[in-house]
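Structure at a glance
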Amino acid sequence: SSGINAEYGGDNTQDIAHYEKAWELSEHTSARAMKALGYHYFNVKDYPKALECMLLSVDCNYLQGGLWFTAGCTALAIPDYPTAIRCFRESLHVDDENGQAWSNLGAAFERTGEIFKAYNSYKEATRCSFNNWRVWENYICAAAQIKNFPGVIHAYRQIINLGEKYSDRTILNCLVAAVRDNLESSSGEPGIKYYDRVLDLFKFASSKVTTSFDLWRSYAALHLDVPGKEDTDKGIGYLIKAYHSASLRIEKSLEDFLKCVECSAVLHSYVMKEEKTSPNYAQHLQSLKSILQILVTKGHRLIETLDEGSESREACTEYITQANTHLEEVEEAQLYV
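Now for a quick tour of the structure. (Residues numbered from 1 in each chain as written. Predicted model: local features only at pLDDT ≥ 70, side-chain atom pairs only at ≥ 80, totals over all residues. Heavy atoms only, no water.)

**A few points about the overall build of the chain**
Within the chain, the regular secondary structure consists of 17 helices and zero strands. Relative to its length of 337 residues, the chain is extended, with a C-alpha radius of gyration of 29 Å against a globular reference of 20 Å. Seen along its three principal axes, the alpha-carbon backbone of the chain occupies a region of about 100 × 50 × 30 Å. Counting only residues that meet the buried cut, the chain has 47% of its 337 residues in that class. Look at the contacts in the chain between residues 6 or more apart in sequence, and 53% of them connect residues 24 or more apart. Of the accessible surface of the chain, which amounts to about 16900 Å², a share of 48% is contributed by carbon and sulfur atoms. (Helix = DSSP H or I, 4+ residues; strand = E, 2+ residues; numbered from the N terminus. Rg over C-alpha atoms; globule rule 2.2 N^0.38 Å. Buried < 20%, exposed > 50% of the residue type's maximum accessible area, 1.4 Å probe, protein only. Contact = heavy atoms within 4.5 Å. Areas by Shrake-Rupley, 256 points an atom, 1.4 Å probe, with all protein chains shown as cover.)

**Some points on a nonpolar patch on the surface**
On the surface, Tyr-62, Leu-63 and Val-94 cluster together to form a nonpolar patch covering roughly 290 Å² of accessible area. Tracing the backbone shows Leu-63 in the loop between helix H4 (47-60) and helix H5 (65-77). Accessibility expressed as a relative area gives 65% for Leu-63, which makes it exposed. (Patch = residues over 30% accessible without salt bridge, like charges linked within 9 Å, V, L, I, M, F, W, Y side chains within 5 Å. Salt bridge = Lys/Arg side-chain N within 4 Å of Asp/Glu carboxyl O.)

**What about unusual backbone geometry?**
Residue Pro-79 is bonded to the preceding Ile-78 through a cis peptide linkage, with omega at -5 degrees. The residue Pro-79 is located in the loop between H5 and helix H6 (81-94) in this model. For Glu-27, which is not glycine, the phi dihedral falls at a positive 55 degrees. As for its position among the elements, Glu-27 is in the loop between helix H2 (16-25) and helix H3 (31-43). Given a relative accessible area of 68%, Glu-27 falls into the exposed group. Backbone geometry at His-28 places phi at a positive 65 degrees, although glycine is not the residue there. Looking at where His-28 falls in the secondary structure, it is placed in the loop between H2 and H3.

**Quick word on the packing of aromatic side chains**
Enumeration over the complete set of coordinates arrives at 13 aromatic pairs. Both rings, one in Tyr-62 and one in Trp-68, keep their centres 5.8 Å apart while their planes meet at 65 degrees; by these two values the pair is edge-to-face. Residue classification places Tyr-62 among the partly exposed residues on the basis of a relative accessible area of 36%. Here Trp-136 and Tyr-139 contribute two aromatic rings whose centre-to-centre distance is 5.8 Å and whose plane-to-plane angle is 80 degrees, an arrangement assigned as edge-to-face. (Phe/Tyr/Trp six-rings, centres within 6.5 Å; stacked < 30°, edge-to-face > 60°.)

**What about the nonpolar core?**
In a soluble, globular protein the nonpolar side chains are often hidden away together inside. Tyr-156, Val-198, Phe-202, Leu-222, Phe-257, Leu-267 and Leu-295 are the most contacted members of the largest nonpolar core, which totals 107 residues. No other element matches the nine residues that helix H16 (residues 281-303) contributes to this core. Dropping the residues within four chain positions of it, Tyr-156 is found in contact with Ile-140, Tyr-166, Ser-167, Asp-168, Ile-171, Leu-172, Leu-201 and Ala-205. (Core = buried A, V, L, I, M, F, W, Y, C linked by side-chain atoms within 4.5 Å.)

**Notes on the packing of helix H7 (residues 99-111) against helix H8 (residues 115-128)**
Packed helix pairs are specified by the crossing angle of their axes together with the interaxial distance, meaning the distance between the axes. Taken N-terminus to C-terminus, the directions of H7 and H8 make an angle of 165 degrees; their axes are 8 Å apart at the nearest point. By the criterion of interaxial angle, the relationship of H7 to H8 is roughly antiparallel. H8 is crossed by H7, and the crossing has left-handed handedness. Contacts between H7 and H8 involve Gly-99, Trp-102, Ser-103, Leu-105, Gly-106, Ala-107, Phe-109 and Glu-110 from the former and Ile-115, Lys-117, Ala-118, Ser-121, Tyr-122, Glu-124, Ala-125, Arg-127 and Cys-128 from the latter. Of the residues in the contact of H7 with H8, the class split is nine nonpolar, four polar and four charged. (Axes fitted to C-alpha atoms, helices over the stretch in contact; angles between N-to-C directions. Parallel < 35°, antiparallel > 145°, perpendicular 65-115°, else oblique. Left-handed = near helix turned anticlockwise from the far one by under 90°. Nonpolar A, V, L, I, M, F, W, Y, C, P; charged D, E, K, R; others polar.)

Structure, rendered in structure tokens:
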């Protein structure tokens, strides 16, 4: 009873000496005393000491799912990933419906390079936290790494259905590469098999997220770069949309300027190769001319904000020179339309 009194003394005074005394009086059997000490050290960010106390507490009383979970979070903060994995697993043995525990377990597996185990953990997390878009984001990244293309497609759609204006360059590139390079999926299927599903996803995503450069650029790639699936007219249209998605901030953002440079260069290469009898050839030339004119004008404004003699300023000057050259070529081509 003296050990219990010491614990209550700690509760009343917040003096950890009471918990330490309770631990000794209990002959190292008071799970409550060590739990209190663990939370104390956690709150003051002494994570190694906090973890030590928490593990001593669960050794005394295993059925503390919440404490196992907190111990896992503490181990992540240290970081001690093997211990974090152990703690989250034990937490889930007590309560396997804890979506955050599944998600954190996946994160710990990722840190140790066990990506398939991470993927399976994130998959369980989506089961428990179906309406949490961040859980789906963890899942989609792991699915992409193991080349589970159907999983990536499903998760991308789910994130958007949850109301997020989601667009991730790495994930989009993964799906484009899957069909363009006919990559083998985790189930052994050829990547080109998923072309129609990826195309349908991009159509759906672009109807919900209308100003994403990366999405329009990837949508264009599906029509321009996939062997046997070329549709140059549509591809050019999506390149133009990609350009306009980034063009509003060209004079203020070097990153957006470089996106527009890359996009206009690709657009130039395809438009200049178009058949002159193509029904939209003249329109594409005019669109490209307008794009290049805007790029040059806003590019000059951007240069004025960059340091004299900097690599960025010199590179932008070269890009503007290239754009001017392309502009001259377009204007010459228009003479023969």
